[in-house]
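One-letter residues, chain by chain:
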Amino acid sequence: MTELRVGVVDVYVVHHTEQGKRVLVLQRAAHGTRCPLAWETVHGRIEAGERPEQAALREVAEETGLTVERLYNVTTQAFYLHSVGVVQLAVVFCAFVAVPLAPTLGPEHGTFAWLDLATARARMSWPREREALDHIAHLFAAGDAGPLEDVLRVL
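Conventions we followed
- Residues numbered from 1 in each chain as written.
- Predicted model: local features only at pLDDT ≥ 70, side-chain atom pairs only at ≥ 80, totals over all residues.
- Heavy atoms only, no water.
- Helix = DSSP H or I, 4+ residues; strand = E, 2+ residues; numbered from the N terminus.
- Rg over C-alpha atoms; globule rule 2.2 N^0.38 Å.
- Buried < 20%, exposed > 50% of the residue type's maximum accessible area, 1.4 Å probe, protein only.
- Contact = heavy atoms within 4.5 Å.
- Areas by Shrake-Rupley, 256 points an atom, 1.4 Å probe, with all protein chains shown as cover.
- Lys, Arg positive; Asp, Glu negative; His and termini not counted.
- Charge placed at Lys NZ, Arg CZ, Asp CG, Glu CD.
- Core = buried A, V, L, I, M, F, W, Y, C linked by side-chain atoms within 4.5 Å.
- Salt bridge = Lys/Arg side-chain N within 4 Å of Asp/Glu carboxyl O.

Draft legend 1. Geometry of the overall build of the protein. Helix and strand content of the protein: four helices and seven strands. When the helices and strands of the protein are listed from N to C terminus, the series reads β-β-β-β-α-β-β-β-α-α-α. For a compact globule of 155 residues, the expected C-alpha radius of gyration is about 15 Å, and the protein comes in at 15 Å, within 12% of that figure. Projecting the C-alpha coordinates of the protein onto the three principal axes gives extents of approximately 50 × 35 × 25 Å. Put simply, the protein has 155 residues, and 48% of those count as buried. Looking at the protein alone, contacts between residues at least 24 apart form 67% of all its contacts between residues at least 6 apart. By element, 55% of the accessible surface of the protein is carried by carbon and sulfur atoms, the whole surface being about 8000 Å². Side chains of the protein carry 14 positive and 19 negative charges; the gap between the two charge centres is 4 Å.

See the structure below:
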């Protein structure tokens, strides 16, 4: 029987400016990693005993070195891992940072860019990442979650 597992987080790191939102996109390294050269968001496993929001904060720190100012839950997205017969559920977050610094990249990423939402959406390799950016554009159009703030804001 196929298992359903809540096992990963996707975290969209966003900086709000007067010109609009800028999203951090990361390009996978060319060698020694899955999906070489694909563009993506911060992504990682939820460790044993960890809640998704804890994993989101940890992954942002590990993959970018950036400090999250505000964290929101956005949605969940399922995808099938055929190699292990598991439907993986990703918990999706939006992490706002005060300053769009250059991230400290780990070995799995080769480069990064801070892009406006439309450009980031076009650059992302996975369709589910483009869908998540649509949610973020809608939910945080005013810079916060407005009337949904009490339900979506984690930190």
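Draft legend 2. The nonpolar core, seen in detail. Core analysis: the largest hydrophobic core is formed by 22 residues, its most contacted members being V25, L133 and F140. Among the elements of the structure, strand 1 (3-17), strand 2 (20-28), strand 5 (70-81), strand 6 (86-96), strand 7 (109-116), helix 2 (117-123) and helix 3 (127-139) are those that each provide at least two residues to this core. It is helix 3 that contributes the most residues to this core, four residues altogether. For L133, the contacting residues outside a window of four places in its chain are Y12, V23, L117, A120, R121 and M124.

Draft legend 3. Spotlight on the pattern of salt bridges. Taken as a whole and judged by the stated rule, the model has 11 salt bridges. Residue R51 pairs with E53 through a salt bridge whose shortest N-O separation is 2.6 Å. Between R58 and E62 there is a salt bridge; the shortest N-O distance is 3.2 Å. Here E62 and R58 lie together in helix 1 (residues 52-64), a separation of four residues that amounts to about one turn. Residue classification places R58 among the buried residues on the basis of a relative accessible area of 15%.

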